[in-house]
Amino acid sequence: MRARRSTPPFYRLVYRVVRRVPRGKVVTYGQVAAILGQPRGARAVGMALSALRPPLLDLVPWQRVINAAGRCSHRDGGWADVQRRLLEDEGVRFDRHGRVDLRRTRWTGPRREWRHRLRHEL
């Protein structure tokens, strides 16, 4: 319970949204922010995901969040490679330029009712 109290409320909401992304699908940082009613909050979503530590690191499928260009965007190459490998293990395909076809692979998002309830928790 102590870890929960130290996690900012916005971060907890990001984790709740990301946990809903199905295997084999991806979502963009901006899409997560928009779902939370924060359309300019893509960077804050990235900060929330970079703050993940065990045990949440194992519960939140962080690898399913990519940038708007359809790429893994971790600044250090090592994590980007790990992210790509995890996504490929889920069946996500990358083109020769390292991009995901967002038209095929993007998650459409949660139901409107769920999204509405979640926004009121901010």
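Residues numbered from 1 in each chain as written. Predicted model: local features only at pLDDT ≥ 70, side-chain atom pairs only at ≥ 80, totals over all residues. Heavy atoms only, no water.

**Student:** Even after reading the chapter, I still don't get the overall build of the protein chain, so can you show me in this structure?
**Tutor:** Counting its regular elements, the protein chain contains 8 helices and 2 strands. Ordered by position from N to C terminus, the α and β elements of the protein chain give α-α-β-α-α-α-β-α-α-α. Of all 122 residues assigned to the protein chain, the portion counted as buried reaches 40%. Intrachain contacts of the protein chain at a sequence separation of at least 6 include 66% that bridge at least 24 residues. In the structure as shown, the protein chain presents an accessible area of about 8,100 Å², 48% of it carried by carbon and sulfur atoms. (Helix = DSSP H or I, 4+ residues; strand = E, 2+ residues; numbered from the N terminus. Buried < 20%, exposed > 50% of the residue type's maximum accessible area, 1.4 Å probe, protein only. Contact = heavy atoms within 4.5 Å. Areas by Shrake-Rupley, 256 points an atom, 1.4 Å probe, with all protein chains shown as cover.)

**Student:** Explain the nonpolar core here, please?
**Tutor:** With 24 residues, the main nonpolar core has Val-14, Tyr-15, Val-17, Val-32, Leu-36, Val-45 and Leu-49 as its most contacted residues. Elements that contribute at least two residues to this core include exactly helix 2 (9-19), helix 3 (29-35), helix 4 (42-50) and helix 8 (112-119). When residues of this core are assigned to their parent elements, the largest contribution, 7 residues, is made by helix 2. Val-26, Ile-66, Cys-72 and Phe-94 belong to the second largest nonpolar core, which has 9 residues in total. (Core = buried A, V, L, I, M, F, W, Y, C linked by side-chain atoms within 4.5 Å.)

**Student:** Would you take a moment to explain the packing of helix 2 against helix 4 for this structure?
**Tutor:** When two helices pack together, their arrangement is given by the angle between the helix axes and the distance between those axes. Contact pair helix 2 / helix 4: the axes reach a minimum separation of 9 Å and the direction vectors enclose 85 degrees. As summarised for this structure, helix 2 and helix 4 are arranged roughly perpendicular, according to the angle between their axes. Contacts between helix 2 and helix 4 involve Phe-10, Tyr-11, Val-14, Tyr-15 and Val-18 from the first element and Ala-44, Val-45, Met-47, Ala-48 and Leu-49 from the second. (Axes fitted to C-alpha atoms, helices over the stretch in contact; angles between N-to-C directions. Parallel < 35°, antiparallel > 145°, perpendicular 65-115°, else oblique.)

**Student:** Would you mind going over the environment of Arg-64 with me for this structure?
**Tutor:** Position of Arg-64 among the secondary structure elements: in the loop between helix 5 (56-59) and strand 2 (65-66). Under the relative-accessibility criterion, Arg-64 is labelled buried at 10%. Once the C-alpha coordinates of Arg-64 and Pro-22 are considered, the two residues, 42 residues apart in sequence, prove to be 8.6 Å apart. Among residues more than four places away in sequence, those in contact with Arg-64 are Val-21, Pro-22, Arg-23, Lys-25, Val-26, Val-27, Leu-87 and Glu-90.

**Student:** Got a minute to help me understand the packing of aromatic side chains in this structure?
**Tutor:** A ring pair, where both rings are aromatic, is described by two values, the distance of the centres and the angle of the planes. The tally for this structure, following the rule as stated, stands at 2 aromatic pairs. Here Tyr-11 and Tyr-15 contribute two aromatic rings whose centre-to-centre distance is 6.5 Å and whose plane-to-plane angle is 55 degrees, an arrangement assigned as tilted. Taken together, the residues span about one helical turn, with Tyr-11 and Tyr-15 both in helix 2 at a distance of 4 residues. For the pair shown, Tyr-11 and Tyr-15 are each scored as buried. Judged by centre distance (5.6 Å) and plane angle (80 degrees), the ring pair of Trp-62 and Trp-79 falls under edge-to-face. A residue pair is termed long-range when its members are at least 10 positions apart, and Trp-62 in the loop between helix 5 and strand 2 and Trp-79 in helix 6 (residues 77-89) qualify at 17 residues. When its relative accessible area of 10% is taken as the criterion, Trp-62 is described as buried. (Phe/Tyr/Trp six-rings, centres within 6.5 Å; stacked < 30°, edge-to-face > 60°.)

Scope: geometric values only; no functional claims are made or implied.
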